[in-house]
Amino acid sequence: MRLSNPKLTRIENRTTMSKTFVKNDAGFVCVHCGCVVPPLLTTSRDHCPRCLYSLHVDINPGDRANDCHGELVPIGIEQNSKKGLIIKYHCDLCGAYHNNKAAPDDDYDTILELSANPLTYLYPRKH
Ligand SMILES: [Zn+2]
Ligand SMILES: [Zn+2]
């Protein structure tokens, strides 16, 4: 018998409403590149390992508390001494900036390409 978990129910309701990612326990389909993404068992999967696109659904990592649901466009790679590789994102819909940790099975060529050709015109202005 499965016990119902109110938090899981809430997440399922929210993600069915999303037009871009279909997300469930078995991973999700990336609508940006059509890649079927298996669940990442060690940590919460928050972006597509092939094209690196993500969805603006979190306020804090994994909480799915953001109603924006815009596409998070990967705009650059940063090396963080504590967290490792960080993917920098810009939300296509609301214009917010977001960082995600790169996952171990991310496509390394895509990461290298983004690292060599960051979309600096989308970076937040510092001054
Ligand atoms: Zn993708
Ligand atoms: Zn957004």
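Residues numbered from 1 in each chain as written. Chains lettered and ligands numbered in written order. Predicted model: local features only at pLDDT ≥ 70, side-chain atom pairs only at ≥ 80, totals over all residues.

**Re the nonpolar core**
Within the largest apolar cluster, 13 residues are counted, with the highest numbers of intra-cluster contacts made by Cys-30, Cys-48 and Tyr-53. The set of elements that each furnish at least two residues to this core consists of β2 (27–30), β5 (71–80) and β6 (84–91). Setting aside anything within four residues of it in sequence, one finds Cys-48 in contact with Cys-30, His-32, Cys-33, Cys-35, Val-37 and Tyr-53. (Core = buried A, V, L, I, M, F, W, Y, C linked by C-beta atoms within 7 Å. Buried ≥ 20, exposed ≤ 12 C-beta atoms within 10 Å, placed from the backbone. Helix = DSSP H or I, 4+ residues; strand = E, 2+ residues; numbered from the N terminus. Contact = placed C-beta atoms within 7 Å.)

**Quick word on the pairing of β6**
Here β5 pairs with β6 via 8 bridges, running antiparallel. Bridge assignment links Gln-79 to a residue of β6, and that residue is Leu-85. Counted along the chain from β5 to the antiparallel partner β6, the turn is 3 residues long. Examined bridge by bridge, β6 and strand β7 (residues 97–101) share 5 bridges and lie antiparallel to one another. Each bridged residue has a counterpart across the sheet, and for Ile-87 the counterpart in β7 is Asn-100. From the end of β6 to the start of β7, which pair antiparallel, there are 5 residues, and Gly-95 there has a positive phi angle of about 80°. (Pairing = 2+ DSSP bridges.)

**Comments concerning the environment of Tyr-123**
Within the fold, Tyr-123 resides in the segment after α2 (108–116). When the C-alpha atoms of Tyr-123 and Lys-88 are compared, they prove to be 8.9 Å apart, with 35 residues separating the residues in sequence. Filtering out sequence-adjacent residues up to four positions away, Tyr-123 remains in contact with Ile-75 and Gly-76.

**As for the sheet that holds β5**
The pairing of strands in a sheet comes from backbone hydrogen bonds and takes either a parallel or an antiparallel form. The sheet built from 4 strands is open, its strands ordered β4-β5-β6-β7 with antiparallel pairing. The open sheet is flanked by β4 (54–55) and β7, the only strands paired with a single partner. Across the sheet, α2 is in contact with β5 and β6; its angle to β5 comes to roughly 85°. (Axes fitted to C-alpha atoms, helices over the stretch in contact; angles between N-to-C directions.)

**Looking at the pairing of β2**
By the alternation rule, side chains of β2 split into Phe-28 and Cys-30, which are all buried, and Gly-27 and Val-29, of which none is buried. Adjacent in sequence and paired antiparallel, β2 and strand β3 (residues 36–37) are bridged by 5 residues, among which Gly-34 carries a positive phi angle near 80°.

**Concerning the environment of Asn-80**
Assignment of secondary structure puts Asn-80 in strand β5. By the C-beta count within 10 Å, which is 11 here, Asn-80 ends up exposed.

**Some points on unusual backbone geometry**
Even without a glycine there, the phi angle at Leu-52 is positive, about 70°. Its location among the elements puts Leu-52 in the loop between β3 and β4. Unlike most non-glycine residues, His-69 shows phi in positive territory, near 60°. Along the chain, His-69 turns up in the loop between β4 and β5. On the neighbour-count criterion, His-69 (19 C-beta atoms within 10 Å) is partly exposed.

Remember that the coordinates give geometry; whether it matters functionally is a separate question.
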